Amino acid sequence: MARTLLYLHRHDLRLHDNPILEQIRKGQYDSFLPVYIFPAHQIEVNPLLRAEHQGKAHKELRASFGTRRTGNVRVSYLCESLWDLKRSYAKLDVNMLITAGKTDDVLKSILDKLQAHSAGQIEVWLQKEYTTEEREEEAAIMAVCKSNKTVAYKTVEESTLVDISDLGYPIDKLPNYYTEFRKGVEPLDSVRLPFEAPKHLPPSPKITFENEYEISDDMDKVIEQLCAPLGGRCDIPQNTAHPMKGGETAAIKRLEYYVTGGKSAPAASYKTTRNGLLGSDYSTKFSSFLSVGSLSPKLIHHRLLQFEKEHNLEGDVNTYWIRFELLWRDYFKFVALKFGKRMFLKYGLKQAKLNDQWLGADSREAMRWKEGTTGVGIVDAAMRELKATGYLSNRARQIVASFLTKDLNVDWRIGAEYFEEKLIDHDPSANYGNWQYQAGVGNDPRTSRRFNPAKQAHDYDPDGAYIKTWCPEVAKATVSMNWVYFWTTPPKLQQTLGIAGLEGVRDPVKGLCGDERERNSGRGVPGYRKKARRHEGRPRRGERTASYDS
Ligand SMILES: Cc1cc2nc3c(=O)[nH]c(=O)nc-3n(C[C@H](O)[C@H](O)[C@H](O)COP(=O)(O)OP(=O)(O)OC[C@H]3O[C@@H](n4cnc5c(N)ncnc54)[C@H](O)[C@@H]3O)c2cc1C
């Protein structure tokens, strides 16, 4: 009997290190059909409906606090990643089917079509995911397969550096804090070798699949369509910290770039540069590739091993630290599996009723935070960078998350949902896990962690270059307090700079920064330098800036 493998791609848009494609190399398949379905519960797919099916348009997709599930920058990035994969398949004479709709319904129609064309024994393979919505989707897919006697179904774990089956304990025994988890998997001897990209694949079945959605072969057309209800396609500014396009091709190029240059390669200084805010090399920028699966964490690990060996950098703290961060990614995925829905609940993993008075999405605080018009320079710069580019450094993410939850007292889920809409690297476990951590309801042993924005600005943006890049209205300010806290600009200077009427000057959203003592803890005010020297190396209460247990 003929055998057909239907590969339902999810967040695994690559050929390299792909266990499902490896299975094809090992198995005897007569035909192979890779499929991607734009999921109608996460992406606004109405614009792709054929004219005669406009009546089937579903309700506008909104997250619980009103933001879009997927914004224009992220959906464009996803299309770039998908079309890159489609082109790679085409080079192997394989036709990738890209369609849209409710995943299980669409899968059922594809299976019907395949069976009508005598595809024989059909196997449906897909990536295993760990967050609740993705697991619910998987359950629905499994139900479709089970209801059809000629269809076998298989999921594959492939998205983490350390496979879940190599942890050595069941998921309910996952440590509640990162350090214990990390120590349990280091020194990473169990990381499996990446598979090579296939050189040959079986031919695609000769079927033409049609449903109510029409997906053009022209990526730009699809991007235009998908972005139309999301405010239109976004032009990313030249000075973005993330200039890379989506896709496996760009991902491999980025990985190679990051380890090129011997001891001067960006990877060789990662630990010292990773808290940067401007430029694209201060950190790896692997996250967006990892989030859609264009890059495998196992490939990164093994490429780093090779790099270390070539340049006598074994045991180097910089490359170690890249893995340290990749393990955070793994950890949050496993946390999502262990805690299920709690990952998304107000009181978090801890079910810690820290605060019953959090402000909502329509509060002035939440709205001005999103717009980047609070008057707190480092926060506004970051929020505008996020909106314009879909990317934000880890340092800036921590600062704005702390400001929203600890200074403005806004419900952390509003921030998480906004990040979900905007970030090109959105990954539900990393996003919600980090937000919970910052809000004090997740995996942080401390609940009172707060970042003082003035101290952060002076430590990580001492000459204001970052603030001035994204908030050009204060570019001419020469006294640091004026770009750190816009409203401190003397009225005369406000007139000269032309900023007197700006919301952040006239009506700032200060949160705790409104407190005079708090403002005086910033280096921009006289006397700070003396204080700073006194406290050197000794973080003050509530002001620890080091991330996590770094
Ligand atoms: C509030 C908040 C929300 C976040 N949301 C996301 C998200 O949706 N998707 C996402 O990938 N990361 C998220 N992060 C983690 C981190 O900020 C980004 O992974 C990182 O900034 C991406 O840039 P990079 O690839 O250059 O990272 P690098 O510093 O080069 O790190 C290398 C890789 O390690 C992983 N990593 C680094 N830091 C973390 C972390 N704290 N948690 C989990 N993985 C990490 C990423 O895969 C990253 O690509 C969030 C952090 C915060 C504070």
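Structure first, text after, so check above.
Now for a look at the structure at hand. None of these values were measured; they are calculated from a predicted model. (Residues numbered from 1 in each chain as written. Predicted model: local features only at pLDDT ≥ 70, side-chain atom pairs only at ≥ 80, totals over all residues. Heavy atoms only, no water.)

A closer look at the nonpolar core
In terms of nonpolar packing, the biggest core is built from 139 residues, with Phe 38, Tyr 89 and Trp 369 touching the most fellow members. Here this core gets 13 residues from one element, more than from any other, and that element is helix H11 (residues 317–339). Among the nonpolar cores identified, the runner-up in size contains 21 residues, and Leu 6, Ile 110, Leu 111 and Leu 126 belong to it. (Core = buried A, V, L, I, M, F, W, Y, C linked by side-chain atoms within 4.5 Å. Buried < 20%, exposed > 50% of the residue type's maximum accessible area, 1.4 Å probe, protein only. Helix = DSSP H or I, 4+ residues; strand = E, 2+ residues; numbered from the N terminus.)

Examining the sheet that holds strand S3 (residues 97–101)
Taking strand neighbours across the sheet as the criterion, the 5 strands line up as S3-S2-S1-S4-S5 in an open arrangement whose pairing is parallel. For this open sheet the edge positions go to S3 and strand S5 (151–156), each flanked by a neighbour on one side alone. Strand after strand, the sheet turns through a mean of 25 degrees between neighbouring axes, direction not considered. Sheet topology places strand S2 (residues 31–39) next to S3; 5 bridges connect them, and they run parallel. The residue of S3 that forms the bridge with Phe 38 is Ala 100. (Pairing = 2+ DSSP bridges. Axes fitted to C-alpha atoms, helices over the stretch in contact; angles between N-to-C directions.)

Comments concerning the layout of surface pockets
Vacant regions in the atomic arrangement are exposed by a probe of water-molecule size rolled over the atoms. Estimated volume of the second largest pocket: approximately 440 Å³. For the lining of the second largest pocket, the secondary-structure elements that each account for two or more residues are helix H2 (72–91) and S3. Split by residue class, the lining of the second largest pocket holds 10 nonpolar, 5 polar and 6 charged. (1 Å grid on protein atoms, 1.4 Å probe; cavity = no way out; pocket = protein on both sides within 12 Å on 5 of 7 lines; lining within 4 Å. Points joined across faces, edges and corners; volume = space filled by probe spheres on them. Nonpolar A, V, L, I, M, F, W, Y, C, P; charged D, E, K, R; others polar.)

Quick notes on the packing of helix H5 (residues 178–185) against H11
Relative orientation and spacing of two packed helices are given, respectively, by the angle between their axes and the distance between those axes. At a minimum axis separation of 10 Å, H5 and H11 run at an interaxial angle of 115 degrees. Between H5 and H11, the angle falls in the class roughly perpendicular. Crossing angle aside, the handedness with which H5 passes H11 is right-handed. Along the contact surface, H5 presents Tyr 178, Phe 181, Arg 182 and Val 185, while H11 presents Tyr 320, Phe 324, Leu 327, Trp 328, Asp 330, Tyr 331 and Phe 334. Considered class by class, the residues forming the contact of H5 with H11 number 9 nonpolar, no polar and 2 charged. (Parallel < 35°, antiparallel > 145°, perpendicular 65-115°, else oblique. Left-handed = near helix turned anticlockwise from the far one by under 90°. Contact = heavy atoms within 4.5 Å.)

Overview of the environment of Gln 121
With respect to the helices, strands and loops of the structure, Gln 121 is situated in strand S4 (residues 121–127). As for Gln 121 and Glu 133, which are separated by 12 residues in sequence, their C-alpha atoms are 29 Å apart. Among the polar contacts made by the side chain of Gln 121, one reaches the main-chain carbonyl oxygen of Thr 150 at a distance of 3.3 Å. (Polar contact = N/O pair within 3.5 Å; in protein donor to acceptor, adjacent residues only side chain to side chain.)

Here's the deal with helix H3 (residues 103–116)
Over its 14 residues, H3 runs 20 Å from end to end, which matches the ideal 20 Å to within 8%, given 1.5 Å per residue. Among the residues of H3, Thr 103, Asp 104, Val 106, Leu 107, Ile 110, Leu 111 and Leu 114 are the ones counted as buried. For H3, the arc enclosing every buried residue in end-on projection is 160 degrees, short of the 170-degree limit, so these residues lie on one face. Buried-residue contacts for H3 involve strand S1 (3–9), S2, S3, S4, helix H4 (132–146) and S5. Positive backbone phi, approximately 45 degrees, marks Ser 118, located one or two places after H3. (Expected span 1.5 Å × (residues − 1). Arc of directions from axis to C-beta.)

Observations regarding the site of the ligand
Among the 29 residues in the neighbourhood of the ligand, the closest are listed as Tyr 270, Ser 283, Thr 284, Lys 285 and Asn 394. Separating an oxygen atom of the ligand from a side-chain N or O atom of Ser 283 is a distance of 2.5 Å. Contact between the ligand and Asn 434: a nitrogen atom at 3.0 Å from a side-chain N or O atom of the residue. Isolated, the ligand exposes 810 Å² of accessible area, and the fraction of that covered by the protein chains is 99%. If you map the ligand onto the pockets, it falls in the largest cavity. Only helix H9 (287–292), H11, helix H14 (394–407) and helix H16 (428–439) provide two or more residues apiece to the shell around the ligand. The biggest single contributor to the shell around the ligand is H11, with 5 residues. Looking at the shell around the ligand, its residues break down into 14 nonpolar, 9 polar and 6 charged. (Near = heavy atom within 4 Å. Areas by Shrake-Rupley, 256 points an atom, 1.4 Å probe, with all protein chains shown as cover. Sits in = over half its atoms within 2 Å of the grid points.)

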